[in-house]
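Chain and residue survey
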Amino acid sequence: MNQSVKLSLRTFFFISFMAFNLPGGVIAGISPELPMNTGKVIFCNENNGTVDNESFGQMLKESGFSGGLVVHVGCGNGKETASLTQNDNFIIQGLDTDQRDINLARKYARSLNLDGRLTYRLWDGGILPYTDNLVNVLFWEKNDTEPGMNEIMRVLTPNGIAFIKQTGGWNRVVKSWPDDIDEWPHFRYDAGSTGASGDQRVGPPEH
């Protein structure tokens, strides 16, 4: 299978998943009755941020993620957002409340021929259009809208990172790993190959 077909298939499955991205929605394999947005801030730079004027690409590199979904809130004409596409393992989406900026950003994205890895979406300024625990890295650059930390924490994955633009730099916020989500460090869970996890979230889909 050639690279373009692989990218097209990856984009198709991601968009299919995102079609069910209403807040409070269910991710397959996670029990809906359990709260999903229980993460807490475990690291937050004070004094208007200590990540000073670094490029988007550098901040993404320093996040430690090697792939996943990256969201830029307040993307404007989309050119800064496009700088995040250097790694093929990321899917990038920009959000903005200005339809003219979104139109310009989409036009720019089409000129880059990125096979759907870079998209832009009109946002109403309210609830972020993603299901819980989906976004790996979020850049907040919407200066006229105060970031709702509960909403940011809701959409971030456990250990996900939000970079929030403030005067003089960026504030870096990390979402903690919830106590009721277990890790699976070995092929059959642990060194004893028990195959038995203590995770309280995983279960058959209930929708």
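Every chain's residues receive numbers from 1 upward, in the order its sequence appears when written. Since the coordinates come from a predicted model, pLDDT governs what is reported: local features require at least 70, and pairs of side-chain atoms require 80 or more to be given and counted, while whole-chain, interface and lining totals use all residues. Calculated side-chain values reflect all of the structure's heavy atoms, with hydrogen atoms and water omitted.

Within the protein chain, the secondary structure is distributed over 5 helices and 7 strands. The order of α-helices and β-strands along the protein chain, N terminus first, is α-β-α-β-α-β-α-β-β-α-β-β. Looking at the 207 residues of the protein chain, the share that counts as buried comes to 42%. Counted over contacts in the protein chain with a minimum sequence separation of 6, partners at least 24 positions apart contribute 61%. Carbon and sulfur atoms make up 52% of the accessible area of the protein chain, which totals about 11,300 Å². In DSSP terms, a helix is any run of H or I states spanning at least four residues, a strand is any run of E spanning at least two, and both are numbered starting from the N terminus. Any residue under 20% of the maximum accessible area for its type is buried, any over 50% is exposed, and the rest in between are partly exposed; the area is computed with a 1.4 Å probe on protein chains only. A contact between two residues is defined here by any heavy atoms of the two lying within 4.5 Å. To be clear on the numbers: accessible area is Shrake-Rupley with a 1.4 Å probe, and residue cover counts the displayed protein chains and nothing else.

So, about the environment of Arg 106. The topology assignment puts Arg 106 in helix α4 (residues 99-112). C-alpha of Arg 106 to C-alpha of Tyr 120: the two residues are 14 residues apart in sequence and 6.1 Å apart in space. Apart from the residues within four sequence positions on either side, Arg 106 is in contact with Gln 99, Tyr 120, Arg 121 and Leu 122.

What follows concerns unusual backbone geometry. Phi at Asn 113 takes a positive value of approximately 55°, unusual for a residue other than glycine. Tracing the chain through its elements places Asn 113 in the loop between α4 and β4 (118-122).

A few words on the confidence of the model for the protein chain. Mean pLDDT for the protein chain: 77, with 72% of residues reaching 70 or above. Contacts for the low-pLDDT stretch residues 3-9, under 50 throughout, to residues beyond four places or in other chains number 4 contacts. Scored from 0 to 100, pLDDT records how confident the predictor is in each individual residue. Within the model, pLDDT remains below 50 along residues 11-52, and this stretch shows 94 contacts once partners closer than five positions in the same chain are excluded.

Salt-bridge detection follows one rule: a side-chain nitrogen of Lys or Arg within 4 Å of a carboxyl oxygen of Asp or Glu. Evaluated as defined, the whole model comprises 7 salt bridges. In this structure, Asp 98 and Arg 100 form a salt bridge, with 3.6 Å as the shortest nitrogen-oxygen distance. With relative accessibility at 64%, the residue Arg 100 sits in the exposed group. Note that Glu 141 and Lys 165 form a salt bridge whose closest N and O atoms lie 3.7 Å from each other.

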